[in-house]
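Below, each chain spelled out in residue letters.
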Amino acid sequence: MDSAYKRPCAYFAMAFVAAPLGAQRLNTKQIKVSEGPRINFFASRRVRVPTKQTLTMVQATAASAKIQSLLANYKMRMLPATILPVTAVNAIIGWLGESFLWNPLFKVAALFVMTAVFVWIGARLFKTFDPEEKEAKSPYWRSLRSIANPFEDDYQAWPLRFISIFSALGGAVFFGILCGIITESVDSGVDVLLKGRTRCVVQNHVLLVGWNQNSVEILKAMTKSKDAKTVVIMAENQSPTDVQKSIQESLDADDRKKLRILVRTGSPLLKLDMDRVAAEKASKIVLLSQPELSAQDSNNRLMGNLLALRQIIPSYSGEIIAELKDDREAGLVKALFRKTLVKNVEPVTANVGLGRFLVQSFHHPGLSSIINQMMSGEAKHGFHYVKAQDAIPSFVGRSLSDVNIYAIPNCIIVGYVNEKGATVFEPSNAITVDRKTELVTLGLPSSSAANAKLQPIPHAQAIRKTAHNQPCNILITGWRDQMEDMLIELDLTVSKGTVVHILADESCGCDDMALISRLNLKNYQIYGHVGSPDDMDALQTVYSQAKFDRVILLSPTKEGEETTDADGRNLSVFALLQKLITDKSSSRQVSVTVQFLNEEFAKLAWQETKEVKNIVLPRAVASKLTAEVVRDHRLHGLWAQLLSQEGRELYLLPATRYFSSAEVKPCSFAELGAMSWSKFNELAVGYIRDYSTAATAVINPTGSDRSEPVQWAENDMIVVLAEDLQ
């Protein structure tokens, strides 16, 4: 080897030999190398001296000086011996740790500083081993090239080759760490997006707090609405990917294009999360119930969320819709925001409405599909609140009794909003329409409504009430939440002398069969039987006790059971029941109403089964009811009236009811509607032709369906809004 290279190599060798030698000498003086201030004696080699030792700091510094004098014989220049305080070391380490943790750019900056050190070391080595720059011209550039593009330069001297390899290793470390930083940053960014932790830059949107089976129906209703088209979903217990997957499975591509749907995770109890979803700028905040919790637990959590909402955004001035599982806290929900800027608070109690809906569907087969159609969110089939000044300006200044409610194209006037804000289904009341009067219409008025003719409909001179129900025997299999409300509602709709039998088991939630003895029922007697409805022996024992006219098959879920399993069990109950109906010789026609939790079961070929007169989907109706309230909060009171025994309700009545028995003359739906209103005070809103074939109902007929004369037959039914039809 050339003598020019021998001396520096000897320096390096002696330096690495001297370092452990110095440490050994210090160890012979009983200096612990585990704690205390640090002494630099060679590059990064450090010896810790304990703070409380017999050897003083001066002695330790002297020991370090001996090492320096030893290395001085080899003409190596050592770093000066320094003693750093413990507090300073801790401060520096703490600052570095915090910087690496909270500032991603600090990692990149530290990496480039480390690379600059490598470049400087490489350049110094190139200068040392090639001082005349014969092969390594521009040492700094050569060092950088060795790091960025290793092994490109083919050096002849072995020391330069080793330096090039050393720089290449530094480059490999640099690019490895750089790739790790980039990968970590990308993964962190993607993780933030997937977890829905980014801020929403939106306003006048609808905020859904929570996610349950009603959420999709709300989204479907909004696709058909002309209001806000931006929806922010705060999924508290679900991942955003699961929510997005559910949306993709439930909404088709065209409907998804109509909405801008943003999914975020968070809790309504935290201000940071509420700020992330721009809650204060939302036009409506919908707090959904928790499907996995009991009614009491779900309501308690909802009340906590409402209290937090009042504290977090006290200046909120939009609408709040709270979905309760029972109505015990409905008054408290309204009281919470009574003295705030909130425009309106609407508690929605789905379970109570479900009991009413089940009873009405039980009495009127086919009514379930009609209510679903009217709650679909379609402009033609839904109820709307319109200002007379904007929709039908020709009405302003006139009496509502002067209006032909069927003369307005594309809609039927079914009522108005009184001075207390309540919906009144009396379109012929002698009230004067002013600029602020709001009318309730089925369907939206078209642009030609401004030229509508004011043809009066005569007032009802005599209202005929017909008894539609006779005493009957009813069998109910299964149990449901709020069963007591359903039984009380049933008492208001059946005739005196009716007998009701209930067959249910404890596994389906029937843990209080004794409640039936506590009910104060006036129109029917009730008997409870504990047993499994899908047990042939139990079902046969109950079925043999009376000649049943009507059967209701409820579809309760056991704890932890999927809805499809509950519906499948209900199908097995129907199969057993069908066998009993066939085996038992009777001239009576048994009408069966089947409840399903999953809409897919309702799509089976039930029209081929003569016993099944009605398929009921209460959960779908509950979802649609919440969606209706999101569309307009006043629709909650409207549907509460239609689904209860107070005020007007939905009925299916024979078309021949409105004609004399001698002759049924051809007439249009508009003319028949005028007769139904004048003779019976009933609002006709649709019809079903040939009811026996389970034909689809025509709600709010338009065009020729409204104006063309039709020969009405006995099997034709009229959908009416009426009251007190017992």
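In case you missed it, the structure is sitting above this.
## Some remarks on the overall build of the protein
When its secondary structure is counted, the protein shows 23 helices and 22 strands. Across the 726 residues that make up the protein, the buried fraction comes to 49%. For the protein, contacts bridging at least 24 residues in sequence account for 74% of all contacts bridging at least 6.

## Comments concerning helix α5 (residues 139-148)
Among the residues of α5, Pro 139, Arg 142, Ser 143, Ser 146 and Ile 147 are the ones counted as buried. Buried residues of α5 fall within an arc of 135° about the axis and therefore sit on the same side.

## What about the packing of aromatic side chains?
Scanning the entire structure with this criterion turns up six aromatic pairs. Relative to Phe 669, the ring of Tyr 406 lies with its centre 5.9 Å away and its plane at 90°, an arrangement referred to as edge-to-face. Taken together, the residues span a long stretch of sequence, with Tyr 406 in the loop between α15 (388-391) and β10 (412-417) and Phe 669 in helix α22 (residues 669-680) at a distance of 263 residues. In terms of burial, Tyr 406 and Phe 669 fall into one category: buried. Three or more aromatic residues link up through ring pairs in this structure, and these residues are Tyr 406, Phe 669, Tyr 687 and Trp 712. Here Arg 657 stacks its cationic end above the ring of Phe 680, 4.4 Å away from the centre of that ring. The aromatic ring of Trp 712 is capped on one face by Arg 689, whose charged end is 5.3 Å from the ring centroid.

## Details of the pairing of strand β16 (residues 550-553)
The sheet contact formed by strand β13 (residues 473-477) and β16 spans four bridges and is parallel. Directly across from Ile 474, in β16, lies its bridge partner Arg 550. Judged from the four bridges that link them, β16 and strand β17 (residues 591-595) form a sheet pairing that is parallel. Directly across from Arg 550, in β17, lies its bridge partner Ser 591.

## As for the packing of helix α20 (residues 618-631) against helix α21 (residues 635-642)
In the contact formed by α20 and α21, the axes pass within 8 Å of each other and the chain directions differ by 140°. One finds that α20 runs oblique with respect to α21. Here Leu 625, Glu 628, Val 629 and Arg 631 of α20 lie close against α21, whose contacting residues are Leu 635, His 636 and Trp 639. Considered class by class, the residues forming the contact of α20 with α21 number four nonpolar, one polar and two charged.

## A look at the packing of helix α18 (residues 536-543) against helix α19 (residues 563-583)
The relative placement of two packed helices comes down to the angle between their axes together with the axis-to-axis distance. As a packed pair, α18 and α19 sit with axes 10 Å apart at the nearest point and diverge in direction by 45°. Of the possible angle classes, the one that applies to α18 and α19 is oblique. In the crossing of α18 with α19, the sense of the turn from one axis to the other is right-handed. Where α18 abuts α19, its residues Met 536, Leu 539, Gln 540 and Tyr 543 lie against Val 573, Leu 576, Leu 577, Lys 579, Leu 580 and Ile 581. Here the contact of α18 with α19 is built from residues that sort into eight nonpolar, one polar and one charged.

## Quick word on the sheet that holds strand β20 (residues 683-688)
Taken in spatial order, the four strands make up an open sheet running β19-β22-β20-β21, and their pairing is antiparallel. The open sheet terminates on both sides in strands that have one partner only, identified here as β19 (649-654) and β21 (698-699). Strand direction decides the pairing type here: β19 and strand β22 (residues 717-722), joined by six bridges, are antiparallel. Its bridge partner lying in β22, Leu 653 is registered against Ile 718. Strands in contact with α22 are β20 and β22; relative to β20, the strand with the most contacts, it is inclined by about 135°.

## Some thoughts on the environment of Phe 106
Along the chain, Phe 106 falls in helix α4 (residues 104-129). Note: C-alpha distance between Phe 106 and Leu 96 (ten residues apart in sequence) is 9.0 Å.

## A short note on the side chain of Ser 555
Counting through the fold element by element, Ser 555 comes out in the loop between β16 and α19. In terms of polar contacts, Ser 555 uses its side chain to reach the backbone carbonyl oxygen of Ala 566, at 3.4 Å. Of note is the side chain of Ser 555, whose polar atom sits 2.8 Å from the side chain of Asp 567. Non-local contacts of Ser 555, meaning those with residues more than four positions away in its chain, are made with Ala 566, Asp 567, Asn 570, Gln 595 and Leu 597.

## Quick notes on a nonpolar patch on the surface
On the surface, a cluster of nonpolar side chains totalling about 470 Å² of accessible area is made up of Trp 158, Phe 162, Ile 165 and Leu 169. You can see Phe 162 is positioned in helix α6 (residues 158-194).

## Here we look at α19
When the terminal C-alpha atoms of α19 are compared, their 31 Å separation across 21 residues agrees well with the 30 Å that a helix rising 1.5 Å per residue should span. Those residues of α19 lying buried are Ala 566, Asp 567, Arg 569, Asn 570, Val 573, Phe 574, Leu 577, Leu 580 and Ile 581. Around the axis of α19, the buried residues are gathered within 155° of arc, so they sit on the same side. Away from its buried face by more than 90 degrees, α19 exposes Thr 582 and Asp 583.

## Concerning unusual backbone geometry
Of note, the phi angle at Asn 681 is positive, near 60°, even though the residue is not glycine. Even without being a glycine, Asn 700 presents a positive backbone phi close to 55°. Along the chain, the position of Asn 700 falls in the loop between β21 and α23 (704-707). Given a relative accessible area of 0%, Asn 700 falls into the buried group.

Conventions we followed
- Residues numbered from 1 in each chain as written.
- Predicted model: local features only at pLDDT ≥ 70, side-chain atom pairs only at ≥ 80, totals over all residues.
- Heavy atoms only, no water.
- Helix = DSSP H or I, 4+ residues; strand = E, 2+ residues; numbered from the N terminus.
- Buried < 20%, exposed > 50% of the residue type's maximum accessible area, 1.4 Å probe, protein only.
- Contact = heavy atoms within 4.5 Å.
- Arc of directions from axis to C-beta.
- Phe/Tyr/Trp six-rings, centres within 6.5 Å; stacked < 30°, edge-to-face > 60°.
- Lys NZ or Arg CZ within 6 Å of the ring centre and 35° of its normal.
- Pairing = 2+ DSSP bridges.
- Axes fitted to C-alpha atoms, helices over the stretch in contact; angles between N-to-C directions.
- Parallel < 35°, antiparallel > 145°, perpendicular 65-115°, else oblique.
- Nonpolar A, V, L, I, M, F, W, Y, C, P; charged D, E, K, R; others polar.
- Left-handed = near helix turned anticlockwise from the far one by under 90°.
- Polar contact = N/O pair within 3.5 Å; in protein donor to acceptor, adjacent residues only side chain to side chain.
- Patch = residues over 30% accessible without salt bridge, like charges linked within 9 Å, V, L, I, M, F, W, Y side chains within 5 Å.
- Areas by Shrake-Rupley, 256 points an atom, 1.4 Å probe, with all protein chains shown as cover.
- Salt bridge = Lys/Arg side-chain N within 4 Å of Asp/Glu carboxyl O.
- Expected span 1.5 Å × (residues − 1).

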